[in-house]
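As a plain string of letters, each chain reads:
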Amino acid sequence: MPDAWWQGAVIYQIYPRSFRDSNGDGIGDLPGIAENLDYVASLGVDGVWLSPFFASPMLDFGYDVSDYRAVDPAFGTLEDFDRLLARAHGLGLKVILDMVWCHTSDRHPWFEESRQDRRNGRADWYVWADPKADGTPPNNWLSVFGGPAWGWDARRRQYYLHHFLPEQPKLDLRNSAVIEALLEIGAFWLDRGVDGFRMDAVDFMTHDALLRDNPATGSAAAPLRPYAMQEHRHDIGNSATFEVLGRIRALLDRYPGAISIAEVGSVGSLENAFERAATYVGHEHRRLHAAYLLHVAKGSSEVGAIRAAITQANQSFDQGSIVWSFSNHDIERVASRWGDGSAASAKAFLALLATMRGAVTLYQGEELGLSQAEVPRARLRDPYGRTCWPAFKGRDGSRTPMPWERRAPQAGFSAAADTWLPIPDSHLPLAVDQQEHDPDSVLTGWRALMRLRRDHAALRLGTLHLLDIEPPVLGFERRFQRDRVLCLFNLGDTDGHFTLTERVTPLIAGGCTAPLDTKEIVIPSRGYLIAALSGVATVHEG
Ligand code: BGC
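Residues numbered from 1 in each chain as written. Predicted model: local features only at pLDDT ≥ 70, side-chain atom pairs only at ≥ 80, totals over all residues. Heavy atoms only, no water.

Caption draft 1: Just the confidence of the model for the protein, in detail. Overall, the predicted model of the protein reaches an average pLDDT of 94, with 96% of residues at or above 70. Across residues 535-542, where pLDDT falls below 50, the model places 19 contacts with residues more than four positions away in sequence or in other chains. (pLDDT = per-residue confidence, 0-100. Contact = heavy atoms within 4.5 Å.)

Caption draft 2: The side chain of threonine 206, seen in detail. Position of threonine 206 relative to the elements: it lies in the loop between strand 9 (196-199) and helix 6 (240-253). Of the polar contacts made by the side chain of threonine 206, one reaches the side chain of threonine 241; its length is 2.7 Å. The residues contacting threonine 206, other than those within four sequence positions of it, are Leu173, Asp235, Ile236, Gly237, Asn238, Ala240, Thr241 and Val244. (Helix = DSSP H or I, 4+ residues; strand = E, 2+ residues; numbered from the N terminus. Polar contact = N/O pair within 3.5 Å; in protein donor to acceptor, adjacent residues only side chain to side chain.)

Caption draft 3: Focus on the domain arrangement of the protein. Under the domain assignment, the protein is made up of domain 1 (10-104 + 175-208 + 237-382 + 389-448) and domain 2 (462-541). Centre-to-centre separation of domain 1 and domain 2, based on C-alpha positions: 29 Å. Contact with domain 1, which involves 20 residues of that partner, is made by 22 residues of domain 2. A combined buried area of about 1,800 Å² lies between domain 1 and domain 2, and 66% of that area is made up of carbon and sulfur atoms. Of all residues in domain 1, Val303, Arg307 and Thr355 give up the largest surface area on contact with domain 2, accounting jointly for 32% of the area buried on that side. For the pair domain 1 and domain 2, the number of links is 0 salt bridges. Across the contact surface, domain 1 and domain 2 share 4 residue pairs in polar contact (both at pLDDT 80 or more). Of all the elements in the fold, those that place two or more residues in the side of domain 1 that touches domain 2 are helix 9 (303-316) and helix 11 (343-354). In terms of residue count, helix 11 provides more of the side of domain 1 that touches domain 2 than any other element does, 7 residues in total. Of the residues in the side of domain 1 that touches domain 2, the class split is 11 nonpolar, 6 polar and 3 charged. (Domains from an automatic or database assignment. Buried area = accessible area lost by both parts, 1.4 Å probe. Salt bridge = Lys/Arg side-chain N within 4 Å of Asp/Glu carboxyl O. Nonpolar A, V, L, I, M, F, W, Y, C, P; charged D, E, K, R; others polar.)

Caption draft 4: Fine view of the site of the ligand. Taken together, Asp60, Tyr63, His103, Phe145, Phe164, Arg198, Asp200, Glu263, His329, Asp330, Arg395 and Arg399 make up all the residues around the ligand. Aspartate 200 has a polar side-chain atom sitting 2.9 Å from an oxygen atom of the ligand. Contacts to the ligand include arginine 395, whose side-chain N or O atom sits 2.9 Å from an oxygen atom. Bound to the protein, the ligand loses 96% of the 310 Å² it would expose on its own. Residues that form the shell around the ligand fall into these classes: 3 nonpolar, 2 polar and 7 charged. (Near = heavy atom within 4 Å. Areas by Shrake-Rupley, 256 points an atom, 1.4 Å probe, with all protein chains shown as cover.)

Caption draft 5: Inspection of helix 9 at higher detail. With 14 residues, helix 9 should reach 20 Å at 1.5 Å per residue; the first-to-last C-alpha distance of 20 Å fits that figure. Looking only at helix 9, the buried set comprises Val303, Ile306, Ala309, Ile310, Gln312 and Ala313. In this fold, the buried residues of helix 9 make contact with helix 7 (273-278), helix 8 (295-298), strand 12 (322-325), helix 11, strand 14 (463-466) and strand 15 (473-480). (Expected span 1.5 Å × (residues − 1). Buried < 20%, exposed > 50% of the residue type's maximum accessible area, 1.4 Å probe, protein only.)

Caption draft 6: Region of the structure containing the pattern of salt bridges. A complete count under the given rule lists 28 salt bridges for this structure. Note that aspartate 82 is salt-bridged to arginine 192, the shortest N-O span being 2.8 Å. With aspartate 82 in helix 3 (residues 78-90) and arginine 192 in helix 5 (residues 176-192), the pair connects residues that are 110 residues apart, well separated along the chain. For arginine 192, a relative accessible area of 27% translates into the label partly exposed. One salt bridge connects arginine 276 with aspartate 203, and the closest N-O pair in it is separated by 2.8 Å. Pair noted here: arginine 276 is in helix 7 and aspartate 203 is in the loop between strand 9 and helix 6, with a separation of 73 residues, a long-range link. Residue classification places arginine 276 among the partly exposed residues on the basis of a relative accessible area of 24%. Counted as one network, the salt bridges with shared partners bring together Asp60, Asp330, Asp382, Arg395 and Arg399.

Caption draft 7: Main features of the packing of aromatic side chains. Enumeration according to the criterion identifies 31 aromatic pairs in this entry. Geometrically, the ring pair formed by tryptophan 338 and phenylalanine 349 is tilted, given 5.4 Å between the ring centres and 55 degrees between the ring planes. Of this pair, tryptophan 338 sits in the loop between helix 10 (334-337) and helix 11 while phenylalanine 349 sits in helix 11, and the two are 11 residues apart along the sequence. As far as the burial class goes, tryptophan 338 and phenylalanine 349 line up, both buried. Over the aromatic face of tryptophan 420 sits the side chain of arginine 17, whose NZ or CZ is 4.4 Å from the ring centroid. The ring of tryptophan 338 has arginine 337 sitting right over it, with the charged end atom 5.4 Å from the ring centre. (Phe/Tyr/Trp six-rings, centres within 6.5 Å; stacked < 30°, edge-to-face > 60°. Lys NZ or Arg CZ within 6 Å of the ring centre and 35° of its normal.)

Caption draft 8: A look at the environment of alanine 448. Within the secondary structure, alanine 448 is located in helix 14 (residues 442-455). When the C-alpha atoms of alanine 448 and proline 109 are compared, they prove to be 48 Å apart, with 339 residues separating the residues in sequence.

Caption draft 9: Quick peek at the packing of helix 5 against helix 6. The geometry of helix 5 relative to helix 6 is characterised by a closest axis approach of 10 Å and an angle of 30 degrees between their N-to-C directions. Between helix 5 and helix 6, the angle falls in the class roughly parallel. For helix 5 against helix 6, the interelement crossing comes out right-handed. Note on element contacts: helix 6 touches helix 5 through Val244, Arg247, Ile248, Leu251 and Leu252, opposite Ser176, Ile179, Glu180, Leu183, Gly186, Ala187 and Leu190. Residues belonging to the contact of helix 5 with helix 6 are distributed by class as follows: 8 nonpolar, 2 polar and 2 charged. (Axes fitted to C-alpha atoms, helices over the stretch in contact; angles between N-to-C directions. Parallel < 35°, antiparallel > 145°, perpendicular 65-115°, else oblique. Left-handed = near helix turned anticlockwise from the far one by under 90°.)

Encoded structure:
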């Protein structure tokens with residue numbers, strides 16, 4: 001599908017709780033998003049992915065759904081959603097929803113019925129199993145957030161499976177009735193006009209039917225989470241998932257142009273991460289349209305690591321079916337994880353993101369160069385962080401509200417006296433109003449990158465060819481027909497050098513002050529150069 005809108009698209013991830021609060025309760029909402037879609041459109045992106053806004057007890061902040069067809073009152077109403085969708089479409093933005101189909105909330109009526117006894121109409125909609133003879137759980141599986149993956153239910157006198165919180169019981173996706181019910185929910189949203197889904201936690205969709213124990217990894221020292229002490233051979237990633245994906249794909253195929261993106265976890269090693277993620281996509285195999293994985297973001301930003309990831313992605317994924325993400329609501333913000341918190345490093349990683357082959361997602365605030373927020377222990381909301389603190393502070397540091405106006409109360413995010421998570425002082429100078437008209441800001445740099453990606457088919461749709469150059473410089477060429485673009489990034493702390501073998505026209509030069517018309521060019525630490533190797537080009541300031 002070379003003409004599909006999502007090939008080479010840039011998708012802006014909105015975390016609704018933290019984007020903009022329209023009703024002064026300290027929590028972002030759908031009207032807040034709708035009112036600020038002009039800003040989103042001004043970023044030059046093709047669409048938005050909205051993290052869940054469905055009815056939920058919010059124990060995992062929306063990833064625990066109690067009604068898939070309702071908007072949670074904290075976020076607004078279904079009418080608010082329809083208005084948001086119409087406004088987005090009016091601005092030419094696609095809208096992708098986050099579908100959490102592996103598990104529900106324990107408050108979902110399906111689970112409330114299922115847990116009543118072993119004979120009710122939904123008795124087999126979740127994964128129930130008897131205890132072992134000694135009363136312990138059926139096997140050794142562990143939950144991602146800590147502790148066993150099994151919760152006890154006194155009514156059924158059985159354990160139920162949960163890969164995340166005990167309040168997120170696992171749906172049995174081998175049960176066709178469950179799939180039917182989920183597909184009806186999917187159709188409900190597609191009929192409303194949404195442009196596709198990000199499918200949450202695809203690795204977790206199905207497990208070993210015999211519930212066999214996971215083997216130990218044999219790690220010498222105990223890691224932060226015992227979850228990492230198991231090889232996840234049986235609890236996740238069962239081949240039965242392909243049948244589930246085929247049915248999801250068949251639904252999407254009824255809605256031309258709708259996309260499904262698999263979220264692939266970071267379990268296992270980087271060596272085969274892309275190969276494994278690629279098994280979830282493919283038109284001919286009736287699988288999803290595209291996949292994104294967080295292995296790269298969770299790894300190192302050294303040239304060797306990025307090169308290895310690009311090589312694997314080139315080998316495993318067709319043009320268009322890979323989606324790159326450097327930041328999201330689950331991981332530390334890239335500006336402080338890979339960067340040093342400076343505008344220069346934020347710009348360099350945005351430039352790299354904007355020149356990757358395939359589609360990319362940009363996480364709200366990444367375009368401002370926001371760094372990870374320090375959230376004090378008393379204000380932590382993420383259950384994952386509350387359990388693991390201080391060894392792991394959880395995910396709140398990447399979920400704090402967007403700073404819109406430096407000097408307004410709550411940085412213009414909300415009229416409330418307090419917000420659900422605090423807005424760090426360090427984010428105020430980076431507020432949208434401070435960067436909007438500054439030609440050197442990270443935000444202005446991002447917009448220039450997006451103009452470039454739009455103007456050059458090579459950047460949007462082209463193949464990617466790694467150049468054989470010495471670290472700290474990472475270099476590649478993007479090619480589409482006669483359009484060729486050279487991309488060079490210095491990801492290290494010392495100057496890097498590059499010898500040009502043909503004439504180039506610089507398009508964006510970040511931090512490179514040396515003349516760029518010489519053969520030998522110097523790229524300073526965190527500098528980058530994007531240059532046309534053919535055709536007529538316009539120079540934008542980075
Ligand atoms: C989401 C997380 C969530 C988990 C459980 C993930 O993939 O991105 O935020 O906690 O799924 O639903």
